[in-house]
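Residue-level listing of the chains:
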Amino acid sequence: MSSHSVHHRATTVRGHRIAYREAGPADAPALLLLHGFPSSSHMFRDLLPLLADRYHLIAPDHLGFGRSAAPAAGDFPYSFDRLAEITEEFTEQLGLKEYALYIQDYGAPIGLRLALAHPERVTAIITQNGNAYEEGLGAEAWAPVLALIAERTPETEAPVRAISGPGGIRWQYLTGVPDPTLVSPDAYEHDAALMARPGQPEIQLDLISDYGSNFALYPAFQEYFRTSQVPLLAVWGGHDEIFVPEGALAFRRDLPDAEIHLLPTGHFALETHADQAAALIREFLGRHV
């Protein structure tokens, strides 16, 4: 078996199946990779083999996403607090006593909750369009979400439902990419198929409605950065219209030594720039972990 092989495993947390990808030597420094909406650990499929010779890589699918369980919204209280609690228990089950965090989109508020709860466990942070500052919110992209957060009604739900549909998902993958033909349609069609499963609209509406809880934690996240001075690398799609470049640059306000790289691509930067991201990550972790 090659040291670059990626294993597809699953465990049970609080009675729910949590699927995850694992690669690299078990005794190597750990990197916990937390995906965003509407994807899964599938978004790391090109990156994992590029890092597996040097790091122990763990990439779970959040509950409700990918190959993990997706209990109905009426049977599970979908919120970022709950997803973070499950992720924390997942890491403890796997014996991850310390790890670097890779956070993207939804993975950011989940991972940063882990850092708030156990700052001693987090050795470094890599953020790929994983936001923690208000200026990182693209005004046009966030307008319908902010309306939903303010008041959840059928009228405010309708445009947010479209974000989880095939057209909305395709937009997230292709917007800001200079050459869209470099993005495999398999990526956004894979996500769209999983988002089309029964019960998904209600799950995703519950989570997006809860996104205001993340805004409320931004001051705590920023205080964590200031007090910990955790090493941070941003490998950020600089053309992203969801989490815009100002969100990447804002990390330097609280982490003056943060390393910021704006890649010439969109929200899902690994689709076009996995090789460049891997090189930056290897160099960064080699100095800090």
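Values in this document were obtained by computation on a predicted structure and should not be read as measured data. (Residues numbered from 1 in each chain as written. Predicted model: local features only at pLDDT ≥ 70, side-chain atom pairs only at ≥ 80, totals over all residues. Heavy atoms only, no water.)

Attention now goes to the overall build of the protein. Helix and strand content of the protein: 12 helices and 8 strands. What you see for the protein is a C-alpha radius of gyration of 17 Å, in line with the 19 Å of a compact globule of 289 residues. Taking the principal axes of the C-alpha coordinates as reference, the protein spans close to 50 × 40 × 40 Å. A burial count over the protein gives 57% of its 289 residues as buried. Of the contacts made within the protein by residues no fewer than 6 positions apart, 77% connect residues no fewer than 24 positions apart. Working note: accessible area of the protein is about 11300 Å², and carbon and sulfur atoms make up 54% of it. With 20 positive and 37 negative side-chain charges, the protein shows a separation of 5 Å between the mean positions of the two kinds. (Helix = DSSP H or I, 4+ residues; strand = E, 2+ residues; numbered from the N terminus. Rg over C-alpha atoms; globule rule 2.2 N^0.38 Å. Buried < 20%, exposed > 50% of the residue type's maximum accessible area, 1.4 Å probe, protein only. Contact = heavy atoms within 4.5 Å. Areas by Shrake-Rupley, 256 points an atom, 1.4 Å probe, with all protein chains shown as cover. Lys, Arg positive; Asp, Glu negative; His and termini not counted. Charge placed at Lys NZ, Arg CZ, Asp CG, Glu CD.)

A few words on the packing of helix α5 (residues 154-163) against helix α8 (residues 200-209). Running from N to C, α5 and α8 cross one another at 110°; their axes reach a closest spacing of 10 Å. Accordingly, the angle class assigned to the pair α5 and α8 is roughly perpendicular. Only P201, E202, L205 and I208 of α8 make contact with α5, whose side of the interface consists of E157, V160 and R161. Its residues assigned to classes, the contact of α5 with α8 shows 4 nonpolar, no polar and 3 charged. (Axes fitted to C-alpha atoms, helices over the stretch in contact; angles between N-to-C directions. Parallel < 35°, antiparallel > 145°, perpendicular 65-115°, else oblique. Nonpolar A, V, L, I, M, F, W, Y, C, P; charged D, E, K, R; others polar.)

Let's shift gears to helix α7 (residues 185-195). Taken together, the buried positions of α7 are A187, Y188, D191, A192 and M195. End-on, the buried residues of α7 take up no more than an arc of 125°, which puts them together on one face. On its buried face, α7 is in contact with α6 (166-174), α8 and α12 (270-288). (Arc of directions from axis to C-beta.)

A few words on the sheet that holds strand β7 (residues 232-237). Strand order across the open sheet formed by 8 strands is β1-β2-β4-β3-β5-β6-β7-β8, with mixed pairing between neighbours. Every other strand in the sheet has two partners, leaving β1 (6-13) and β8 (259-263) as the edge strands with one partner each. Strand-to-strand twist across the sheet, computed as the mean angle between neighbouring axes with direction ignored, equals 20°. Bridge count between strand β6 (residues 122-127) and β7: 3 bridges; the pairing is parallel. Bridging across to β7, T127 finds its partner in A234. Running at roughly 155° to strand β5 (residues 99-103), helix α3 (residues 107-117) makes contact with β3 (30-34), β5 and β6 of the sheet. (Pairing = 2+ DSSP bridges.)

A few words on the pairing of β3. Counting buried residues in β3 gives 5 out of 5 residues, a clear majority hidden from the surface. With 3 bridges connecting them, β3 and strand β4 (residues 56-60) associate as parallel partners. Within β4, the position partnered with A30 by the bridge is H56. Examined bridge by bridge, β3 and β5 share 4 bridges and lie parallel to one another. In the strand pairing of β5, L32 is matched with L101.

All right, on to the packing of aromatic side chains then. Tallying each qualifying case throughout the model produces 21 aromatic pairs. An angle of 35° between the planes, with centres 6.1 Å apart, marks the rings of Y106 and Y211 as tilted. Of this pair, Y106 sits in the loop between β5 and α3 while Y211 is found in the loop between α8 and α9 (212-228), placing the two residues 105 residues apart along the sequence. The two residues Y106 and Y211 agree in class, both being buried. A ring pair is formed by Y211 and F215, whose centres lie 5.4 Å apart and whose planes are at 65°; its orientation type is edge-to-face. Each member of the pair, Y211 as well as F215, carries the same accessibility label: buried. (Phe/Tyr/Trp six-rings, centres within 6.5 Å; stacked < 30°, edge-to-face > 60°.)

So, about the packing of α3 against α9. Packing of α3 against α9 leaves a shortest axis separation of 10 Å and a crossing angle of 50°. Between α3 and α9, the crossing angle belongs to the class labelled oblique. The crossing of α3 and α9 is left-handed. Note on element contacts: α9 touches α3 through S213, N214, L217, A220, F221, Y224 and F225, opposite P109, L112, R113, A115 and L116. (Left-handed = near helix turned anticlockwise from the far one by under 90°.)

With 6 of its 6 residues buried, β6 lies for the most part within the structure. Bridging between β5 and β6 involves 4 bridges; their strand directions are parallel. In the strand pairing of β6, Y99 is matched with V122. Taking the sense of rotation as the criterion, the β-α-β connection linking β5, α3 and β6 turns out right-handed. (Right-handed = clockwise from strand over helix to strand, strands pointing away.)

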